[in-house]
Structure formats: structure tokens, C-alpha cells
Amino acid sequence: MKRVIIVTGGASGIGKEAALKLAHQDVSVVVADINMELAEEVVLEIKKAKKEAAAYHLDVSKKENIQACIDFTVDKYGTLTGMFNNAGIGALAPFPELSSEDYDRMMRINLDGVFYGIQYAGNKMVELGVKEGSIVNTASIYGFVGAATSPHYNATKAAVVSLTKSGAQAYTPHGIRVTAIAPGFTDTPMVRGALDEEALKFLQGSHMRNQLLSASEVANVAVWLLSSESSAVNGSTILADDGFLAFK
Ligand SMILES: NC(=O)c1ccc[n+]([C@@H]2O[C@H](COP(=O)([O-])OP(=O)(O)OC[C@H]3O[C@@H](n4cnc5c(N)ncnc54)[C@H](O)[C@@H]3O)[C@@H](O)[C@H]2O)c1
């Protein structure tokens, strides 16, 4: 089966690693990101390896943009067999001081972006008659615990766990699975940009190997969920957390 997969947030971190790995499996990949410069770099790397990819300027907080990205993909590659709803932002703000602007922005990107990513990709795959479709969402260990310093982020990730279950119920009758990954703290620009050395050290200690996860090893789980090798898994959020939650 010809495989065509959109990776949102594919320009950096976990999404970038997933895009590279998928391309090496001969998947045609659309690297969809708000950062077009970095997205183009990922596509160049894929093309240098003589694999297929295209960059797309996507802002997941704009639902019509998600639909346009899906239409672009089908126009270019003739089908859509997978969607990795991975784009997201992280932010720290104490609960009492969280501004309504920051709260709304978080909801639009991390929650609305995933909801419409599932709905529009799922509907398109149904329309195309795709069987063995796979939609994978990026949740987080923070979807399973609270945090006084990032209540809005944690809420969106808990919602992604829920949307994954509901999406699976809705689209499985059409042959499309919906699953999610829940990474622990992963060494990506998001984490490096938000935390100082002391905080990083503390967080490393919350993982069994006493280190951050690599974006590559987390992406491995997403790539597996996007493949039919994971056909036994549906509606589930798979922890890729090096035991973080086993400590809790
Ligand atoms: N790094 C971690 O520790 C960690 C842990 C758990 C979950 N996650 C989740 O993993 C996902 C990927 O994060 P990452 O760590 O690879 O970070 P990252 O910052 O390296 O990558 C995120 C990508 O998303 C893109 N993006 C941001 N806003 C966007 C928007 N509105 N529309 C389209 N693209 C947008 C960015 O440009 C970037 O390329 C996120 O959903 C994040 O919440 C990360």
C-alpha cells in the first residue's frame, strides 16, 4: 500500500525525527509546520536521501489551514493514509496568574489543532476509502498528572488522551485507528528553551535512566503506531516516558 503521512510540527524535535524515519520507510511525508524555514530543511534532508517529502506552512490553530494542508497532500500524492497530530507548544505559568490570552492560545494550538487534525484527516480518509489508516496524536505524561505551573498545558494533553479514545470509536468502523503517544521529558528545542540547567537536572532524575528521552526514541513509537505493525493498538495512549509515571 502506498503510504502518505502528514506530520504536524514536523520541522523540529519529535516531529522532525518521525518525518525522517517515515521517509526512510518510503512513506511520502508532508512536513507541516508554522516554521517553514526549518520545515524546508527537513525536506531537503529527506530529498538528499532520495526519499519523498514536501513542506507545508501550517498553523494548527487555524482549522481551515489544517483542511488546506490535507487537500494539498491529497492533490500532490493522490491519497492520505496517516496523520501525526504532533504540533504543540509548551508554556509555564502559575495557575493563579495564567492570563486568558495564554490560556486561549494553548487551547487553540494544543487542543483545537488535534481535534480538527483528527476530524479532518479521519473524514478525508473515509471519503477516499482508505483502509488501514492511522492517526496518531502527541499527548504527554502531563496528560495524566496535574501541575500548578502548567495547568493549561496539562489540560490540553489530558484532552488529547480523551480525543484519542473518542476518535478511535468514531473512525475504526471505517478502518482507521486513532492512537497517541505520551512522551516523558524529551531533549528537544521546546524543553531546552523553557528550562534552565537546574530544572533539567531535576527532571532527568524523574526518569529511570536519569536522563531526558531522545526525540528519536520517542519518534520510534509514533512511527510504529503509524504503521500496520501496531494493528493491535487502538484508542490507547502509549507511554514513551522511561518510567516517569511508574515513579508517581
Ligand atoms: N519535549 C518534551 O519533553 C515533550 C514531552 C511531552 C510531550 N511533548 C509534545 O511533543 C510535541 C512536539 O514537541 P517537541 O518537544 O518536539 O517540540 P519542538 O518545539 O521541537 O517541536 C514543535 C514543533 O511544532 C511547531 N509548532 C508550534 N506551534 C505550531 C502551530 N501553531 N502550527 C504548526 N506547527 C507549530 C514548531 O514550529 C515546532 O517545529 C508537542 O505536542 C509537545 O507538547 C513534548
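The structure contained in this document is the topic of the report that follows.

The rules behind these values
- Residues numbered from 1 in each chain as written.
- Predicted model: local features only at pLDDT ≥ 70, side-chain atom pairs only at ≥ 80, totals over all residues.
- Helix = DSSP H or I, 4+ residues; strand = E, 2+ residues; numbered from the N terminus.
- Rg over C-alpha atoms; globule rule 2.2 N^0.38 Å.
- Buried ≥ 20, exposed ≤ 12 C-beta atoms within 10 Å, placed from the backbone.
- Contact = placed C-beta atoms within 7 Å.
- Pairing = 2+ DSSP bridges.
- Axes fitted to C-alpha atoms, helices over the stretch in contact; angles between N-to-C directions.
- Right-handed = clockwise from strand over helix to strand, strands pointing away.
- Parallel < 35°, antiparallel > 145°, perpendicular 65-115°, else oblique.
- Left-handed = near helix turned anticlockwise from the far one by under 90°.

Examining the overall build of the protein chain
Part 1 of the argument: Looking only at helices and strands, the protein chain features 8 helices and 9 strands.
Part 2 of the argument: For 248 residues, the compact-globule estimate of 2.2 N^0.38 gives 18 Å, and the C-alpha radius of gyration of the protein chain, at 17 Å, lies within 12% of that figure.
Part 3 of the argument: Counting only C-alpha atoms and orienting by the principal axes, one finds that the protein chain spans roughly 50 × 40 × 35 Å.
Part 4 of the argument: By the burial criterion, 46% of the 248 residues in the protein chain qualify as buried.
Part 5 of the argument: Long-range contacts, defined as pairs at least 24 residues apart, comprise 73% of the intrachain contacts of the protein chain with a sequence gap of at least 6.

Description of the sheet that holds strand β5 (residues 133-138)
Part 1 of the argument: Read across the open sheet, the 7 strands follow the order β3-β2-β1-β4-β5-β6-β9; overall the sheet is parallel. Only two strands of the sheet have a single neighbouring strand rather than two, namely β3 (53-57) and β9 (237-240). Averaged over all adjacent pairs, the angle separating strand axes in this sheet is 20 degrees, with direction ignored.
Part 2 of the argument: Bridge count for strand β4 (residues 82-85) against β5 is 4 bridges, and the pairing is parallel. Bridge assignment links M83 to a residue of β5, and that residue is I135.
Part 3 of the argument: Across the face of the sheet, helix α2 (residues 36-48) comes into contact with β2 (28-33) and β3 while running at roughly 175 degrees to β3.
Part 4 of the argument: Strands β1 (4-8), β4, β5, β6 (176-183) and β9 of the sheet are contacted by helix α8 (residues 215-226), whose axis makes an angle of about 170 degrees with β6.

Let's talk about the pairing of β6
Part 1 of the argument: Extensive coverage of β6 is indicated by the burial of 8 of its 8 residues.
Part 2 of the argument: Where burial is concerned, the two faces of β6 agree: the one with I176, V178, A180 and A182 and the one with R177, T179, I181 and P183 are both buried.
Part 3 of the argument: Two strands pair when backbone bridges link them, and β5 and β6 are joined in this way by 6 bridges, in the parallel orientation. By the bridge assignment, I135 is partnered in β6 with V178.
Part 4 of the argument: Following the chain from β5 across helix α5 (residues 151-171) to the adjacent parallel β6, one finds a crossover that is right-handed.
Part 5 of the argument: The pairing of β6 with β9 spans 4 bridges and is classified as parallel. Paired with A182 across the bridge in β9 is L239.

Some thoughts on the packing of helix α1 (residues 13-24) against α2
Part 1 of the argument: Between α1 and α2, the shortest axis-to-axis distance is 10 Å and the interhelical angle comes to 25 degrees. Accordingly, the angle class assigned to the pair α1 and α2 is roughly parallel. Helix-helix and strand crossings are classified by hand; for α1 and α2 the assignment is right-handed. Contact with α1, carried on its side by K16, A19, L20 and A23, involves V42, E45 and I46 of α2 and no other residues of that element.

Geometry only, nothing functional implied.
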